[in-house]
Amino acid sequence: MTTAPDNNSPAGYLQQAVGLATRNVAEGGGPFGAVVVMPDGRVFEGVNRVTRDNDPTAHAEVVAIRAAAAGTSNFNLDGAVLYASCEPCPLCLASALWARIGRVYFAADRHGAAAAGFDDALFYEYFAGTRADLMPVICSDFPASDAPFQAWGAQQDRTEY
């Protein structure tokens, strides 16, 4: 967690995210940074750690969301705002949705990322249903497939999400 920048506006937080991304490149990381701002003003940062951690899910936005969830001791970040140095990819957008982020602002767009060698256009095509061949996903008929859901439904002290 960090303190907020002098300018508590979208432009100020985007500047912070871009600064994180630029510093991350200088430290050998990817050119992506993100900031999650909670409704109470707490600020959590993340940078792309994919190659550093050998974790294909360690995108800056996901790292910032993980930091915010850990820092608030809550997986529900309802009302938080995500600021990203670049347009979030489908993984990052899905993570923001699951975290219940209220709004997302970004600086560079996906076309700028593609020009720098980070082209996720194929992923957008996949989710649009035009490139199912990229990774077939197959539902297999498995008799006990509902057992985990039955166990969940029977659990009296479960935490809903």
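Under an unreviewed UniProt entry, the protein chain has the name Cytosine deaminase and belongs to Pseudarthrobacter enclensis.

Draft legend 1. Here's a closer look at the sheet that holds strand β3 (residues 81-86). Pairing in this open sheet of 4 strands is mixed, and the strands run β2-β1-β3-β4 from one edge to the other. Where the open sheet ends on each side, the last strands, each with one partner, are β2 (43-47) and β4 (103-108). Each neighbouring strand pair of the sheet contributes to a mean axis angle of 15°, computed without reference to strand direction. Bridge count between strand β1 (residues 33-37) and β3: 4 bridges; the pairing is antiparallel. In the sheet register, V36 faces β3, and the bridge partner there is L82. Where helix α1 (residues 10-26) meets the sheet, its contacts fall on β1, β2, β3 and β4, and the angle it forms with β1 comes to roughly 140°. Contacts between helix α3 (residues 60-72) and the sheet are confined to β1, β2 and β3, with β2 contributing the most and set at about 145° to the helix.

Draft legend 2. Representation of the environment of A99. Structurally, A99 is set in helix α4 (residues 90-99). The exposure class of A99 is buried, given its relative accessible area of 4%. Between the C-alpha atom of A99 and that of P143, which follows or precedes it by 44 residues, the distance is 32 Å. With sequence-adjacent residues up to four places away left out, A99 is seen in contact with I65, F75, N76, L77 and D78.

Draft legend 3. Molecular detail of the pattern of salt bridges. Within this structure, the stated rule accounts for 7 salt bridges. In this structure, D53 engages R49 in a salt bridge whose closest nitrogen and oxygen atoms are separated by 2.9 Å. Look at D53 and you get partly exposed, because its relative accessible area is 35%. The exposure class assigned to R49 is partly exposed, which follows from its relative accessible area of 28%. For the salt bridge of D133 with R131, the shortest nitrogen-to-oxygen distance reads 3.0 Å. By relative accessible area, D133 is classed as exposed at 51%. Each member of the salt-bridge network shares a partner with another, and the members are R49, R52 and D53.

Draft legend 4. Here's a closer look at the packing of α3 against α4. In contact at an axis separation of 8 Å, α3 and α4 are set at 20° when each is read in the N-to-C sense. In terms of their interaxial angle, α3 and α4 are classed as roughly parallel. In this structure, α3 meets α4 at a crossing whose hand is left-handed. Along its contact with α3, which presents E61, V62 and I65, the element α4 presents L91, C92, S95, A96 and A99. When grouped by side-chain class, the residues that make up the contact of α3 with α4 number 6 nonpolar, 1 polar and 1 charged.

The rules behind each value
Numbering of residues starts from 1 in every chain and runs along the sequence as written. The predicted nature of this model means local features are confined to residues of pLDDT at least 70 and side-chain atom pairs, given and counted, to a pLDDT of 80 or more, with totals for whole chains, interfaces and linings taken over all residues. To get the side-chain values, take all heavy atoms of the structure and skip hydrogens and water. The rule for pairing is simple: two strands pair if DSSP sees at least two bridges between them. A helix here means a DSSP run of H or I that spans at least four residues, while a strand means a run of E at least two residues long, and both kinds are numbered starting from the N terminus. To get an axis, fit a line to the C-alpha atoms, keeping to the stretch in contact for a helix; angles then go from 0 to 180 degrees between the N-to-C directions. Contacts are residue-level and defined by heavy atoms, with any inter-residue pair within 4.5 Å sufficient. Between buried and exposed lies partly exposed: a residue is buried under 20% and exposed over 50% of the maximum accessible area for its type, with that area taken using a 1.4 Å probe on protein chains only. Any Lys or Arg side-chain nitrogen found within 4 Å of a carboxyl oxygen on Asp or Glu counts as a salt bridge. For this classification, under 35 degrees means roughly parallel, over 145 means roughly antiparallel, 65 to 115 means roughly perpendicular, and everything else is oblique. The hand of a helix crossing depends on one turn: near helix anticlockwise from the far one by less than a right angle means left-handed, and clockwise means right-handed. Charged means Asp, Glu, Lys or Arg here, nonpolar means Ala, Val, Leu, Ile, Met, Phe, Trp, Tyr, Cys or Pro, and polar covers whatever is left, Gly included.

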